[in-house]
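Structural overview
In case you want the letters, here they are:
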Amino acid sequence: MVLTKLPLARTTIDADGVARARPGLLGDLRADAATRVVVVHRGLVGAGEESLVLLPTSDVPAAAWTAGQVHYLGREGAERFVALVLPDHLGAERDLDGAPVDTDAPLVRLAAGVDFQHVREVGDRLSDRDAGLATTAVALAAWHERNPRCPRCGEATEVVEAGWVRRCVVDHSLHYPRTDAAVIMAVVDGEDRLLLGHAAHWPERRFSTLAGYVEPGESLEAAVRREVAEETGVVVGEVRYEGSQPWPFPCSLMTAFRAEVAADTGTDVVVDGVELTDARFFSRAELGAAVAGGTVHLPMRSSIARALIEDWYGGPLPVPGG
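To start, this report covers the structure provided alongside it. (Residues numbered from 1 in each chain as written. Predicted model: local features only at pLDDT ≥ 70, side-chain atom pairs only at ≥ 80, totals over all residues. Heavy atoms only, no water.)

This paragraph deals with the pattern of salt bridges. Under the counting rule described, the total for this entry stands at 21 salt bridges. When the shortest N-O distance is used, the salt bridge between E230 and R226 registers 3.2 Å. A residue pair is termed a helical-turn pair when its members lie 3 or 4 positions apart in one helix, as E230 and R226 do in helix α6 (residues 220-232) at 4 residues. Exposure remark for E230: the relative accessible area of 43% places this residue in the partly exposed category. What makes R226 buried here is its relative accessible area of 15%. Look at the salt bridges and you will find they share partners, linking E215, E218, R226, E227 and E230 into a network. (Salt bridge = Lys/Arg side-chain N within 4 Å of Asp/Glu carboxyl O. Helix = DSSP H or I, 4+ residues; strand = E, 2+ residues; numbered from the N terminus. Buried < 20%, exposed > 50% of the residue type's maximum accessible area, 1.4 Å probe, protein only.)

Below, the discussion takes up the nonpolar core. Core analysis: the biggest nonpolar cluster contains 48 residues, and V45, L52, L73, L196, L287, V296 and L298 have the highest contact counts within it. In terms of residue count, the dominant contributor to this core is helix α5 (residues 128-146) (8 residues). In contact with V45, other than residues within four places in its own chain, are V38, V39, L52, D115, F116, Q117, V119, A134 and V138. Membership of the second largest hydrophobic core comes to 20 residues, among which are V39, A64, L86 and A111. (Core = buried A, V, L, I, M, F, W, Y, C linked by side-chain atoms within 4.5 Å. Contact = heavy atoms within 4.5 Å.)

A word on the sheet that holds strand β8 (residues 165-168). Within the open sheet, the 3 strands sit side by side as β7-β8-β9. Their pairing is antiparallel. Since the sheet does not close on itself, it has two edges, and those belong to β7 (157-160) and β9 (174-175), each with one partner. Judged from the 2 bridges that link them, β8 and β9 form a sheet pairing that is antiparallel. Paired with R167 across the bridge in β9 is L174. (Pairing = 2+ DSSP bridges.)

Its volume calculated, the largest pocket comes out at about 900 Å³. As for the largest pocket, its lining consists of 33 residues, of which H201, W202, A211, W247 and M254 are closest to the centre. Counting residues per element, the lining of the largest pocket draws most heavily on strand β12 (residues 210-213), which supplies 4 residues. Its residues assigned to classes, the lining of the largest pocket shows 19 nonpolar, 9 polar and 5 charged. (1 Å grid on protein atoms, 1.4 Å probe; cavity = no way out; pocket = protein on both sides within 12 Å on 5 of 7 lines; lining within 4 Å. Points joined across faces, edges and corners; volume = space filled by probe spheres on them. Nonpolar A, V, L, I, M, F, W, Y, C, P; charged D, E, K, R; others polar.)

Glancing now at unusual backbone geometry. When glycine is set aside, most residues are seen to have a negative phi, and most peptide bonds are trans. With an omega of 15°, the peptide bond between F249 and P250 qualifies as cis. One non-glycine residue, D16, lies in positive phi territory at about 50°. Within the fold, D16 resides in the segment before α1 (25-31). Of note, the phi angle at A162 is positive, near 55°, even though the residue is not glycine. According to the relative accessible area criterion, A162 is buried, its value standing at 10%.

See the structure below:
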């Protein structure tokens, strides 16, 4: 069964792509009392426990609208939404008395009134509308941060089309947001046990499904088989698509699969020691007991990995300590 309602794949927003190139769009959005502003800073989004912080346009300093810091996210009914991306260095520049420099002061005051959350942590608790807005806002902000210069000639680029295109100021080439395809897979053996691994850079006891990036010239299914073999030595046979969701940290699209260990092959696991330092097959009883006992920590609920694990398990995993 294909996974549905994945936390970061939910949205009710009309992207309104046709409007992006319209002259004067940002000015119209700024003047429209129905426009609401999502705030992004250092990869975090302004949010409470279950909803985004949505500011009126009057809270955004005029300079931000002309400096490429405001990006159009789309519309829902009469409301339209933009993202305000605050500079990473915000508040770091100070005068001799230790106060923020004048150019930063309005944005510093704005940021001081907003609580910022990581989408990975809060995404599953947001409404469909807010999840779509947050994911898009963070993805766009990450792309702009990583692409200030033209990949063809190295000169500076300017933001056009309401944040969806960067144009080289010298050769005038246009550059668009990119997404890197990645695969993530629930690998099951003939006994319907699930293969989970521990990445070298993760905290102790953290386990998740295997994942990796798709290489040039490779299909998604081939990437699943290659990644599993490289990281664990396990041979995969049948591969079935399960769903996808964006993972904008900074620019991935996670495509999820159920992968079956090939018949007549072993289930001995040999980790590569580089990407994975541990991997093992779990039965449902074993994983439930390990999670409840705190010996295995699972990925956050906003991830597609958690959805794959609980889809295999048949429902939510036990609460640790419960």
